[in-house]
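So you can see what is in the structure, the chains are spelled out below.
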Amino acid sequence: MGIAGSAPGLTDLRALLAALDPEIDPVPKRFLHVSHEKARERMADALMMFREAEGTTLIVDVEHDEIAGSERLLWARITLRVQSSLTAVGMMAAVSAALARRGIPCNPVSAFLHDHIFVPWERRDDALDALSHLTP
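Residues numbered from 1 in each chain as written. Predicted model: local features only at pLDDT ≥ 70, side-chain atom pairs only at ≥ 80, totals over all residues. Heavy atoms only, no water.

S.K.: Talk me through the pairing of strand β6 (residues 107-110); I want residue IDs and the actual numbers.
M.R.: In this structure, β6 lies alongside strand β7 (residues 115-120), joined through 4 bridges in antiparallel fashion. Looking across to β7, one finds that Asn107 is bridged to Phe118. Remark: 4 residues form the turn of the hairpin made by β6 and β7, two consecutive strands paired antiparallel. (Pairing = 2+ DSSP bridges. Helix = DSSP H or I, 4+ residues; strand = E, 2+ residues; numbered from the N terminus.)

S.K.: Would you mind going over the pattern of salt bridges in detail, with residue names and values included?
M.R.: Taken as a whole, this structure holds 9 salt bridges when the rule is applied. Where Asp21 meets Arg81, a salt bridge forms, and the shortest distance between an N and an O atom there is 2.9 Å. Note that Asp21 is positioned in the loop between α1 (13-18) and β1 (22-24) and Arg81 in the loop between β5 (75-80) and α4 (91-101), a separation of 60 residues in sequence. Accessibility expressed as a relative area gives 41% for Asp21, which makes it partly exposed. Residue Arg81 is classed as partly exposed on the basis of its relative accessible area of 36%. Where Arg123 meets Asp126, a salt bridge forms, and the shortest distance between an N and an O atom there is 2.9 Å. (Salt bridge = Lys/Arg side-chain N within 4 Å of Asp/Glu carboxyl O. Buried < 20%, exposed > 50% of the residue type's maximum accessible area, 1.4 Å probe, protein only.)

S.K.: Would you mind going over the side chain of His116 in detail, with residue names and values included?
M.R.: Assignment of secondary structure puts His116 in strand β7. For His116, the side chain forms a polar contact with the side chain of Thr79, separated by 3.0 Å. The contact partners of His116, leaving out residues within four places of it in the chain, are Arg77, Ile78, Thr79, Asn107, Pro108, Val109 and Ala111. (Polar contact = N/O pair within 3.5 Å; in protein donor to acceptor, adjacent residues only side chain to side chain. Contact = heavy atoms within 4.5 Å.)

S.K.: Break down a nonpolar patch on the surface for me, with residues and values.
M.R.: A cluster of nonpolar side chains, Leu86, Phe112 and Leu113, forms an exposed patch at the surface whose accessible area comes to about 260 Å². Take Leu113: it is sitting in the loop between β6 and β7. (Patch = residues over 30% accessible without salt bridge, like charges linked within 9 Å, V, L, I, M, F, W, Y side chains within 5 Å. Areas by Shrake-Rupley, 256 points an atom, 1.4 Å probe, with all protein chains shown as cover.)

S.K.: So, α4: which residues are in play, and what are the values?
M.R.: In an α-helix, one turn spans 3.6 residues, which is why side chains three or four residues apart end up on the same side. Those residues of α4 that fall on the buried side of the exposure criterion are Met91, Met92, Ala94, Val95, Ala98 and Leu99. All buried residues of α4 fall inside an arc of 160° around its axis, so they share one side. Facing away from the buried side of α4 by more than 90 degrees, the exposed set consists of Ala100 and Arg101. Those residues of α4 hidden inside the fold are in contact with α1, β5, β6, β7 and α5 (124-132). (Arc of directions from axis to C-beta.)

S.K.: I'd love a proper account of the packing of aromatic side chains, names of residues and values included.
M.R.: Going through the model one piece at a time under the given rule, you end up with 2 aromatic pairs. Centre to centre, the rings of Phe31 and Trp75 are 5.5 Å apart; their planes meet at 65°, and the pair counts as edge-to-face. Residue Phe31 is located in strand β2 (residues 29-34), and its partner Trp75 is located in strand β5; the two are separated by 44 residues in the primary sequence. Between Phe31 and Phe118, the ring centres sit 5.6 Å apart and the planes meet at 85°, which makes this aromatic pair edge-to-face. Taken together, the residues span a long stretch of sequence, with Phe31 in strand β2 and Phe118 in strand β7 at a distance of 87 residues. Relative accessible area serves as the criterion here: at 2%, Phe118 is assigned to the buried category. Ring-pair connections join several aromatic residues into one group, and the members of that group are Phe31, Trp75 and Phe118. (Phe/Tyr/Trp six-rings, centres within 6.5 Å; stacked < 30°, edge-to-face > 60°.)

Right, here's the structure in full:
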């Protein structure tokens with residue numbers, strides 16, 4: 001795939017909010033903070049990787065047998081299936097505000113074609129409901 005000259009997708013806030021089309025990934029995720037060296041070992045398993053001065057953050061799937069006794073917070077990924085532009089203004093602010101009104105924390109990640117939000121696993125249905133009531 002070549003490098004595009006500009007980011008594809010919608011930029012109009014009304015159109016974006018009208019077409020969010022959120023979908024929950026059925027596999028829980030975990031945020032891991034590891035050393036840069038350890039990150040190289042886990043890269044193949046990572047949904048996302050971000051390097052900071054103190055180490056690397058990875059978002060990884062949680063294996064089924066890890067879920068039951070997990071003391072760490074599990075996250076649900078909600079993909080906003082609207083094709084949004086990286087230059088769109090206001091969509092993530094509206095999404096995070098809708099979730100904040102219900103007391104749901106969110107961690108947004110923007111990829112080239114879609115935006116994704118990570119919410120606590122146990123609040124995923126509440127988050128989906130909040131997004132379904134978000135109007136332009």
